[in-house]
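# An overview of the molecular structure
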Amino acid sequence: MELKTKVAAEDGRQDLLITREFDLPVGLLFKAYTEAGIVEQWMGTKVLKLENKKHGGYQFETTDPKGNKHGFNGAIHDFVPNQKITRTFEMENAPFGVQLEFLEFERLTDGTSKLTIHVVYRSAALRDQMLQLPFKQGINMAHNRLQEIVNKLK
Amino acid sequence: MNLRRDVFQAIADPTRRAILLLLATQTMTAGAIAANFDTARPTVSKHLQILTECELLGQQQNGREVYYHINAKNMKQVADFIEPFRQMWDDRFNKLESIMKNYKSDK
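Attention in this report is confined to the structure presented alongside it.

### Topic: the pairing of strand S2 (residues 57–62) of chain B
All names here are of chain B. Across 6 bridges, S2 lies against strand S3 (residues 65–70) in antiparallel orientation. Bridge pairing links glycine 58 to histidine 69 in S3. The antiparallel pairing of S2 with S3 creates a hairpin that spans 2 residues between the two strands, and glycine 63 there sits at a positive phi of about 65 degrees.

As structure tokens, this is what we get:
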């Protein structure tokens, strides 16, 4: 079965591409990105600010299971309804700096649409750190599999 | 040898990534691989040794020559490190899709 969400991250590059096709008209897909109440539901975050306009900004806040709050924010550089959002993204109190995101919304048919997110990091090393950051568990899983294979060889 | 860390360290080096790319479509001897780099032959040998130790490369004796090949199974594990990231976005987008489908039928 083909994966619905794809991530292309070539070795040694400072960017990556996320693509996904939806069983939704492009208008509804876009709305999911612009209405605070809906963003909160699918991103699992609190929306403190969301200004959907050129030169606007946004601010999100998530609370982890321990009750710690984590802030995220960015500036909206360009905003074209049902077509594109160009924005920055930064994790507050983290050493990763800012990343640039190009979101493109595309109508495929009346009832289907495609989202392409091109994310650009300051360096290839930063990209790889970010990719690994919240996913320690996944990496551990890969390591455990590797360990299993090694154990069998013993 | 700390195998668990080495696979990911192995691909952090640009020369080693270039070696893996070279071997993606063919098997090659150490000499043929080294001919593609400006670095000294012993340096390339060291890279080949590291890649072999963490089992990204395998060796096969063919007459007097030793040919290197990619160990595809372990390369897949390298690709796996973006899989959790992909999975997270897939979960989020699935949620988005179901929320918006309800949104549509609410109207």
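### Describing the environment of glycine 27 of chain A
Note on placement: glycine 27 of chain A falls in helix H1 (residues 26–34). Taking the C-alpha atoms as reference, glycine 27 of chain A lies 8.6 Å from arginine 107 of chain A; in sequence the two are 80 residues apart.

### Here's the deal with the packing of aromatic side chains
For the structure shown, the criterion picks out 9 aromatic pairs over all chains. Within the aromatic cluster, the residues linked to one another by ring pairs are Phe22, Phe30, Tyr33, Trp42, Phe79 and Phe105 of chain A together with Trp89 and Phe93 of chain B.

### Some words on the sheet that holds strand S6 (residues 84–91) of chain A
Residues and elements named next belong to chain A. Taken in spatial order, the 8 strands line up as S1-S2-S8-S7-S6-S5-S4-S3 in an open sheet, and their pairing is antiparallel. Each edge of the sheet is formed by a strand with only one pairing partner; in this case those strands are strand S1 (5–8) and strand S3 (46–50). On average, each strand axis in the sheet is tilted by 20 degrees relative to the strand beside it, whichever way the strands run. In this structure, strand S4 (residues 56–63) lies alongside strand S5 (residues 69–80), joined through 8 bridges in antiparallel fashion. Residue pairing for S5: threonine 63 is matched across the bridge by lysine 69. In this fold H1 packs onto strand S2 (15–22), S3, S5, S6, strand S7 (98–107) and strand S8 (113–120), with an angle of close to 155 degrees to the strand it touches most, S7.

### Re the pairing of S4 of chain A
Residue and element names in this part refer to chain A. Burial within S4 is extensive, with 6 of its 8 residues counted as buried. Relative to S4, S3 is paired through 4 bridges, and the arrangement is antiparallel. From the neighbouring strand, lysine 49 faces S4, where its bridge partner is glutamine 59. Linking S3 to S4, which pair antiparallel, is a turn of 5 residues; within it histidine 55 sits at a positive phi near 70 degrees.

Definitions and limits used
Residues numbered from 1 in each chain as written. Chains lettered and ligands numbered in written order. Predicted model: local features only at pLDDT ≥ 70, side-chain atom pairs only at ≥ 80, totals over all residues. Heavy atoms only, no water. Pairing = 2+ DSSP bridges. Helix = DSSP H or I, 4+ residues; strand = E, 2+ residues; numbered from the N terminus. Phe/Tyr/Trp six-rings, centres within 6.5 Å; stacked < 30°, edge-to-face > 60°. Axes fitted to C-alpha atoms, helices over the stretch in contact; angles between N-to-C directions. Contact = heavy atoms within 4.5 Å. Buried < 20%, exposed > 50% of the residue type's maximum accessible area, 1.4 Å probe, protein only.

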